[in-house]
Amino acid sequence: MATNTNFEWSVIGHYLTAAPILRGLVVTLELTALSMAIGIVLGVLLAVMRLSPNPLVSGLSWIYIWFFRGTPVFVQILFWNFIAALYPTIAFGLPFGGPQAAHLNLTQLITPFVAGVLALGLNEGAYMSEIVRAGILSVDEGQTEAAQSLGMTRLLTMRRIVLPQAMRVIIPPTGNETISMLKTSSLVSAIAVTELLYAAQQIYARTYQTIPLLIVASIWYLAVTTVLSIGQYYVERHFARGARASSASVLQRWWRAISDLRPLVR
Amino acid sequence: MTPMVKAEAVHKRFGRLEVLKGITLEVEPGQVMCILGPSGSGKTTFIRCINHLEKIDAGRLWVDGELVGYRQVGDKLYELPDREVARKRTEIGMVFQRFNLFGHMTALENVIEAPIRVKKVPKDEAVRAAKELLDRVGLSDKYDAYPSQLSGGQQQRVAIARALAMQPKLMLFDEPTSALDPELVGEVLDVMRGLAESGMTMVVVTHEIGFAREVGDVAVFMDGGVVVERGDPREVLVNPREERTRAFLSKVL
């Protein structure tokens, strides 16, 4: 199978570290990092809002999640890309002809890259908020009551007591989301952001070496996913403070198993 | 003298179930009041109303002369904003049946958290006070232990130290020994006895008749959301006047 000459392994080797591919990889990493940062901050905010006793606040959060989860992210990407057609400029100031404090030219401000980050980040916020909410709900209510009985306000309780303990539940699915985001970011190739996939497409459109270049992109996606998984292990270990079960990574457990076997081999 | 706790016809309902049907009582400063009664009698709900973990539906509840959780305008009550309720709660310590220690913090971190974050006590000062409190409850070798590494009795003693770190005027205990193995009950009761002797005002929901008789200044027997009988523990718990009190005591003794 792998010896099929159509794979053109030499072509793959040539383009794997080619400058356009590496530049695309950097854009993909930027897209992923920025979108996830927006998604996580927004997710925490929306989750805390959703659990607020104030019906207006929790309602707003519900509507946000309903909207952004209910429309395809691909449509959202296209929408943000064309928003400048809808509102070419935005002015901040007093209404009804008052003085203008700022004047934004959306056509210049919303580049395809910005449109991509906005679309992916705002969409991710809706999904992250449900993950964060699940984490918050997993923390025993007694923790909140104990904090409140010590005179901590609701926000302080959330920040110091509930969220740190919710992290154990929040991190694994967030790792999933990050890896998913890495791959979903390839959708912005549709609005001509030169990320990893689009960089590969630009090359094979010229050379017709479609399969080898798709493999080049896949190799990089796999490599980054591997690095992210390792990072997730260390983040998880950090937030396992005070937990009963020790957490050894799969690699560490393999290494221990192999070390145990060694006397037998000798 | 202003009573430390004053309850006047306190009513509380959960949906259609009326849990408190008009509780009226007073706790004087320095007094230890023990509340006893069968499960479902409303004693835990009442003690949670005192620091506004539960809202009340009717009546009035004062701690040290101030309404708890509410502001009165005319004869109407308005709930106070979160920040105001939180400020009032710093004066009221609470110990829970299931300890509720912060699982991601060591014993010492549990005790210094609220003084540093709420009272803005400098860290070194908070640590010194916390170590003193942990020494006082007999845990001088457990500063850096996480709750999961402590026995139930040790956890409850940390919880008592954590509440005391805020220097409360009043301590509430909600069945503090009910979740403990029998051999660990004594160490927690000893700490509570010491606290009572130091002059702390305490309201204790408990099933420990012996503790109530020895340490309590007042015993209150509750059943079905009302106070059935109250008085000197050596009277109420030895020669109860009411039939319901007698029936309960014959079951638990």
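Bear in mind that the values here come from a model prediction, so they are computed numbers and not experimental data.

Looking at the overall build of chain A
Item 1. Along chain A, the regular secondary structure elements total twelve helices and two strands.
Item 2. Taken over the C-alpha trace, chain A has a radius of gyration of 24 Å; the compact-globule value for 266 residues is 18 Å, which it surpasses by more than 25%.
Item 3. Once the C-alpha set of chain A is aligned to its principal axes, its extents read approximately 70 × 65 × 30 Å.
Item 4. Considering only residue pairs separated by 6 or more positions, chain A has 71% of its internal contacts joining residues 24 or more positions apart.
Item 5. Surface exposure of chain A reaches about 15,300 Å², of which carbon and sulfur atoms provide 67%.

Section: the overall build of chain B
Item 1. If you tally the helices and strands in chain B, you get nine helices and twelve strands.
Item 2. For 253 residues, the compact-globule estimate of 2.2 N^0.38 gives 18 Å, and chain B sits close to it at 18 Å.
Item 3. For chain B, the C-alpha atoms occupy an extent of roughly 50 × 45 × 35 Å along the three principal directions.
Item 4. Looking at chain B as a whole, 55% of its 253 residues qualify as buried.
Item 5. Put simply, of all contacts in chain B between residues at least 6 apart along the chain, 63% involve residues at least 24 apart.
Item 6. Per element, the accessible surface of chain B, about 11,100 Å² overall, is 46% carbon and sulfur.

Description of the sheet that holds strand S10 (residues 201-205) of chain B
Residues and elements named next belong to chain B.
Item 1. Strand order in this open sheet of six strands is S8-S9-S10-S3-S11-S12, and the pairing throughout is mixed. The open sheet terminates on both sides in strands that have one partner only, identified here as strand S8 (92-95) and strand S12 (226-231). For this sheet the average axis-to-axis angle between neighbouring strands, irrespective of direction, equals 15°.
Item 2. Contacts between helix H1 (residues 43-50) and the sheet are confined to strand S3 (32-36), S8, strand S9 (170-174), S10 and strand S11 (218-223), with S9 contributing the most and set at about 150° to the helix.

Remarks on unusual backbone geometry
Item 1. Even without being a glycine, Tyr208 of chain A presents a positive backbone phi close to 60°.
Item 2. Note on placement: Tyr208 of chain A falls in the loop between helix H10 (196-207) and helix H11 (210-238).
Item 3. Given a relative accessible area of 69%, Tyr208 of chain A falls into the exposed group.
Item 4. Notably, Glu175 of chain B is not glycine yet its phi reads approximately 45°, a positive angle.
Item 5. Take Glu175 of chain B: it is sitting in the loop between S9 and helix H6 (182-197).

Here's the deal with H11 of chain A
Note: α-helices contain 3.6 residues per turn, so residues at a spacing of three or four share the same orientation.
Item 1. A rise of 1.5 Å per residue sets the reference length of H11 of chain A, with its 29 residues, at 42 Å; its end C-alpha atoms lie 43 Å apart and thus fit the reference within 8%.
Item 2. Taken as a whole, H11 of chain A has its buried residues at Pro212, Leu213, Ile215, Val216, Ala217, Tyr221, Val224, Thr225, Gln232 and Tyr233 of chain A.

With respect to the nonpolar core
All names here are of chain B.
Item 1. The biggest cluster of nonpolar side chains holds 52 residues, and the ones touching the most others in it are Leu134, Ile160, Met171, Phe173, Met192 and Met202.
Item 2. It is H6 that provides the largest number of residues to this core, a total of eight residues.
Item 3. Excluding residues within four positions of it along the chain, Met202 makes contact with Gln31, Val32, Met33, Met171, Phe173, Met192, Leu195 and Ala196.
Item 4. Val27, Phe102, Met166 and Val203 belong to the second largest nonpolar core, which has 40 residues in total.

Quick notes on the pattern of salt bridges
Item 1. Overall, the coordinates contain 24 salt bridges over all chains when judged by the stated rule.
Item 2. For Arg48 of chain B, the salt bridge is made with Glu145 of chain A, and the minimal N-O distance between the two is 2.7 Å. One end of the pair, Arg48 of chain B, is in helix H1; the other, Glu145 of chain A, is in helix H8 (residues 141-149), on a second chain. Residues Arg48 of chain B and Glu145 of chain A agree in their burial class; the two are buried.
Item 3. The partner of Glu18 of chain B in a salt bridge is Arg13 of chain B, with the nearest N and O atoms 4.0 Å apart.
Item 4. Within the structure, one salt-bridge network assembled from shared partners comprises Asp64, Glu66, Glu84, Arg87, Lys88, Glu91 and Lys169 of chain B.

Examining the sheet that holds strand S4 (residues 58-63) of chain B
All names here are of chain B.
Item 1. Reading across the sheet, the four strands line up as S2-S1-S4-S5 and stay open at both edges, with antiparallel pairing between neighbours. Two strands bound the open sheet, and with one partner strand each, they are strand S2 (17-27) and strand S5 (66-67).
Item 2. Here strand S1 (residues 5-14) pairs with S2 via eight bridges, running antiparallel. Bridge pairing in S2 links Lys6 to Glu26.
Item 3. Against the sheet, H1 touches S1, S2 and S4, its axis set at about 60° to S2.

A few points about the environment of Glu66 of chain B
Residue and element names in this part refer to chain B.
Item 1. Along the polypeptide, Glu66 turns up in strand S5.
Item 2. Each C-alpha atom, one on Glu66 and one on Leu77, is 13 Å from the other, the two residues being eleven residues apart in sequence.
Item 3. Excluding residues within four positions of it along the chain, Glu66 makes contact with Leu61, Arg87 and Lys88.

Description of the state of the cysteines
Residues and elements named next belong to chain B.
Item 1. Applying the stated criterion to the full structure yields zero disulfides over all chains.
Item 2. Cysteine Cys34 is unpaired, with the sulfur of Cys49 as its nearest cysteine sulfur at 19 Å.
Item 3. Accessibility expressed as a relative area gives 2% for Cys49, which makes it buried.

Procedures and definitions
- Residues numbered from 1 in each chain as written.
- Chains lettered and ligands numbered in written order.
- Predicted model: local features only at pLDDT ≥ 70, side-chain atom pairs only at ≥ 80, totals over all residues.
- Heavy atoms only, no water.
- Helix = DSSP H or I, 4+ residues; strand = E, 2+ residues; numbered from the N terminus.
- Rg over C-alpha atoms; globule rule 2.2 N^0.38 Å.
- Contact = heavy atoms within 4.5 Å.
- Areas by Shrake-Rupley, 256 points an atom, 1.4 Å probe, with all protein chains shown as cover.
- Buried < 20%, exposed > 50% of the residue type's maximum accessible area, 1.4 Å probe, protein only.
- Pairing = 2+ DSSP bridges.
- Axes fitted to C-alpha atoms, helices over the stretch in contact; angles between N-to-C directions.
- Expected span 1.5 Å × (residues − 1).
- Core = buried A, V, L, I, M, F, W, Y, C linked by side-chain atoms within 4.5 Å.
- Salt bridge = Lys/Arg side-chain N within 4 Å of Asp/Glu carboxyl O.
- Disulfide = S-S within 2.5 Å.

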